[in-house]
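Residues per chain, in single letters:
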Amino acid sequence: MAINRNSNCRLVLDSCCDLPRQVLDGAGIEFLEFPFMMNDGEHFDDLGVSMKPKEFYDRLRGGEVSGTAQIPLPVIMERFEAWAKEGTPTVYLAFTGGLSGTFDTVDRVTTELKEKYPQWECHVVDTLLASVAEGLLVYEAIRHYKSGMSAAQLAEWALEARWYVNCLFTCDGLEALRRGGRIPDSAARVGDALDVKPMLNFNPDGSLALAGVSRGRKKSLKGLVKFFEQGHITEGKPGTIIVASADAEKDAKWVAEHLGLSREDVPPLMCNIGPVIGSHVGPGMVAVVYWGDDRRKSLSIGDRIASKISRK
């Protein structure tokens, strides 16, 4: 596959974007892999190359427990110092700092490297998003990267565009969320007994947010369709839409088919949820992501002002 590399900057992404690997391989970009641990030891999330999604989720269904960790510090230091020495302006679009310390670690390491290599330009952007919500931002960023944007332009675009990524996902059960400390044990037990399916999205700080609940699987899938119908921008084409699942392809296809898109619209990009995110949501998660309204509308005036000041 021909690689369209931007000579103006280097774009660095991570595996928590949950995009198909071929999307990234064809872009001429750099890629950081998050680790996950299973019974046979440590693995690295390479977006399904070494472990197919079905194998991972079948192992979870079989009783294995998967754990996750930050990208190892030595890996971060080695990769970013090599890029600093080489000198090309760099942009890293990071998995939300609201769910991982990796963003803070990379930000600290690159700040120190810029003192050592003062001519090196580097922008570390907290996407405040995870999984295919992060993936939608990354998918569009790749297009801008290929168009020849500078590092500063690309970082500025991402800091603004991240607020227009609208996402909702539902889990088939509550056990993975309970195990990851996202909900208390008592709530998980009651919720599973009542067949409650959580509807989740992201707070403005990038942490996980409970948007609502549905009783039963079918209602939760219909809730994703309703979310899209009520929120997507109707004037013109809706832009890229992502429908993704954690080994629930049939349900994801049902959602995609019921989004009400016309023949002229671009069909949704179908994605698999990788093992890092999958460790925390479990098999059966389904998500819908699209470009929509500015999510800062939910912020107070004071928070909006603080957000603008922090970017100066």
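Look above for the structure.
All values derive from a computational prediction rather than experimental measurement. Sequence positions are assigned chain by chain, starting from 1 and proceeding in written order. With the structure being a predicted model, the display of local features is reserved for residues of pLDDT at least 70 and the display and counting of side-chain atom pairs for 80 or more, all residues being used for whole-chain, interface and lining totals. Computation of side-chain values: all heavy atoms of the structure, hydrogens and water removed.

### Focus: the packing of helix α9 (residues 217-231) against helix α10 (residues 249-257)
Axis angles are defined between N-to-C directions and span 0 to 180 degrees, where every axis is a line fitted to C-alpha atoms and, for a helix, only to the segment in contact. Helix and strand definitions follow DSSP, with helices as H or I runs of at least four residues and strands as E runs of at least two, each counted in order from the N terminus. For the pair α9 and α10, the least separation of the axes is 9 Å and the interaxial angle reads 40 degrees. Classified by the interaxial angle, the pair formed by α9 and α10 is oblique. The hand of the α9/α10 crossing is right-handed. Seen from α9, the contacting residues are Arg217, Lys218, Leu221, Lys222, Leu224 and Val225; seen from α10, they are Asp251, Trp254 and Val255. Of the residues assigned to the contact of α9 with α10, the class counts are 5 nonpolar, no polar and 4 charged. Small angles under 35 degrees read as roughly parallel and large ones over 145 as roughly antiparallel, with 65 to 115 read as roughly perpendicular and the rest as oblique. In this scheme the crossing of two helices becomes right-handed for a clockwise turn of the near helix relative to the far one and left-handed for an anticlockwise turn of less than a right angle. Residue contacts follow a heavy-atom distance rule, with two residues in contact if any of their heavy atoms lie within 4.5 Å. In this count, Pro and Cys sit with the nonpolar residues alongside Ala, Val, Leu, Ile, Met, Phe, Trp and Tyr, while Asp, Glu, Lys and Arg are called charged and the others, Gly among them, polar.

### Details of α9
One fewer than the residue count of a helix, multiplied by 1.5 Å, yields its expected span. Under the 1.5 Å per step criterion, the end-to-end length of α9 is 22 Å for 15 residues, consistent within 8% with the ideal 21 Å. Type-normalised accessible area, obtained with a 1.4 Å probe on protein chains alone, sets the label of each residue: buried when under 20%, exposed when over 50%, and partly exposed for intermediate values. Among the residues of α9, those classed as buried are Arg217, Ser220, Leu221, Leu224, Val225, Phe227, Phe228 and Gly231. All buried residues of α9 lie within an arc of 155 degrees about the axis, which places them on one face of the element. Of the residues in α9, the exposed ones pointing more than 90 degrees away from the buried face are Lys219 and Gln230. At its buried positions, α9 is contacted by β8 (165-170), β9 (196-202), β10 (208-215), β11 (241-245), α10 and β13 (286-291). The directions considered for the arc run from the helix axis to the C-beta atoms.

### Observations concerning the environment of Leu224
Among the secondary structure elements, Leu224 is positioned in helix α9. Considering only alpha carbons, one finds Leu224 and Val255, 31 residues apart in sequence, at a separation of 7.3 Å. Discounting residues that sit within four places of it in the chain, Leu224 has contacts with Leu168, Phe169, Thr170, Met199, Val255, Val286, Ala287 and Val288.

### Details of the environment of Asn201
Topologically, Asn201 is positioned in strand β9. Here Asn201 falls in the partly exposed class, since its relative accessible area comes to 22%. Separated by 34 residues in sequence, Asn201 and Cys167 place their C-alpha atoms 5.8 Å apart. In this structure Asn201 touches Cys167, Phe169, Ser207, Leu208, Ala209 and Ala211, once residues within four positions along its chain are discounted.

### Thoughts on the nonpolar core
Considering soluble globular proteins, one finds that nonpolar side chains tend to be buried as a cluster. Counting 74 residues, the largest nonpolar core has Leu24 and Phe80 as the members making the most contacts within it. By residue number, the principal contributor to this core is helix α5 (residues 131-147), which donates 8 residues. Leu24 has contacts with Leu13, Cys17, Leu19, Ile29, Phe31, Leu47, Val138 and Ile142, leaving out every residue within four places of it along the chain. Take the buried Ala, Val, Leu, Ile, Met, Phe, Trp, Tyr and Cys residues and link them wherever side-chain atoms come within 4.5 Å; each set so joined is a nonpolar core.

### A closer look at the sheet that holds strand β7 (residues 122-126)
In spatial order, the strands read β2-β1-β6-β7; together these 4 strands make up an open sheet with parallel pairing. Only two strands of the sheet have a single neighbouring strand rather than two, namely β2 (30-32) and β7. Pairwise comparison of adjacent strand axes, ignoring direction, gives a mean angle of 20 degrees for this sheet. Taken together, the 3 bridges between strand β1 (residues 10-14) and strand β6 (residues 90-94) define a ladder with parallel strand orientation. Across the sheet, Val12 pairs through a bridge with Tyr92, a residue of β6. Note on pairing: DSSP must find at least two bridges between two strands before they are called paired.

### Observations regarding the sheet that holds β10
Strand pairing in a sheet is mediated by backbone hydrogen bonds. Such pairs are either parallel or antiparallel. Strand order in the open sheet formed by 6 strands is β10-β9-β8-β13-β11-β12, and the pairing between neighbours is mixed. The open sheet terminates on both sides in strands that have one partner only, identified here as β10 and β12 (269-272). Going across the sheet, the axis of each strand differs from the next one's by a mean of 20 degrees, ignoring polarity. Two elements, β11 and β12, share 4 bridges in a ladder whose sense is parallel. Residue pairing in the sheet places Ala244 in a bridge with Cys271 of β12.

### Focus on α10
All buried positions along α10 are accounted for by Ala252, Trp254, Val255 and Ala256. Buried residues in α10 make contact with α9, β11, β12 and β13.

### A word on the pairing of β1
The buried count for β1 comes to 5 of 5 residues, which makes it a mostly enclosed element. The alternating pattern of β1 places Arg10, Val12 and Asp14 and Leu11 and Leu13 on opposite faces, both of which are buried.

### Considerations on a positive patch on the surface
Where like charges cluster on the molecular surface, the positive patch consists of Arg215, Lys218, Lys219, Lys222 and Lys250. In terms of residue count, α9 provides more of the positive patch than any other element does, 3 residues in total. In this structure, Arg215 sits in strand β10. Since its relative accessible area comes to 52%, Arg215 is described here as exposed. Patch membership is restricted to residues that have no salt bridge and whose relative accessible area is over 30%. Joining uses 9 Å for like charges and 5 Å for the nonpolar side chains Val, Leu, Ile, Met, Phe, Trp and Tyr. Here, Shrake-Rupley sampling with a 1.4 Å probe gives the accessible areas, and only protein chains in the shown set may cover a residue. Definition used for salt bridges: Asp or Glu carboxyl oxygen within 4 Å of a side-chain nitrogen of Lys or Arg. Charge convention: Lys and Arg are scored as positive, Asp and Glu as negative, and His as well as the terminal groups of each chain are ignored. Here the site of a charge means atom NZ of a Lys, CZ of an Arg, CG of an Asp or CD of a Glu.

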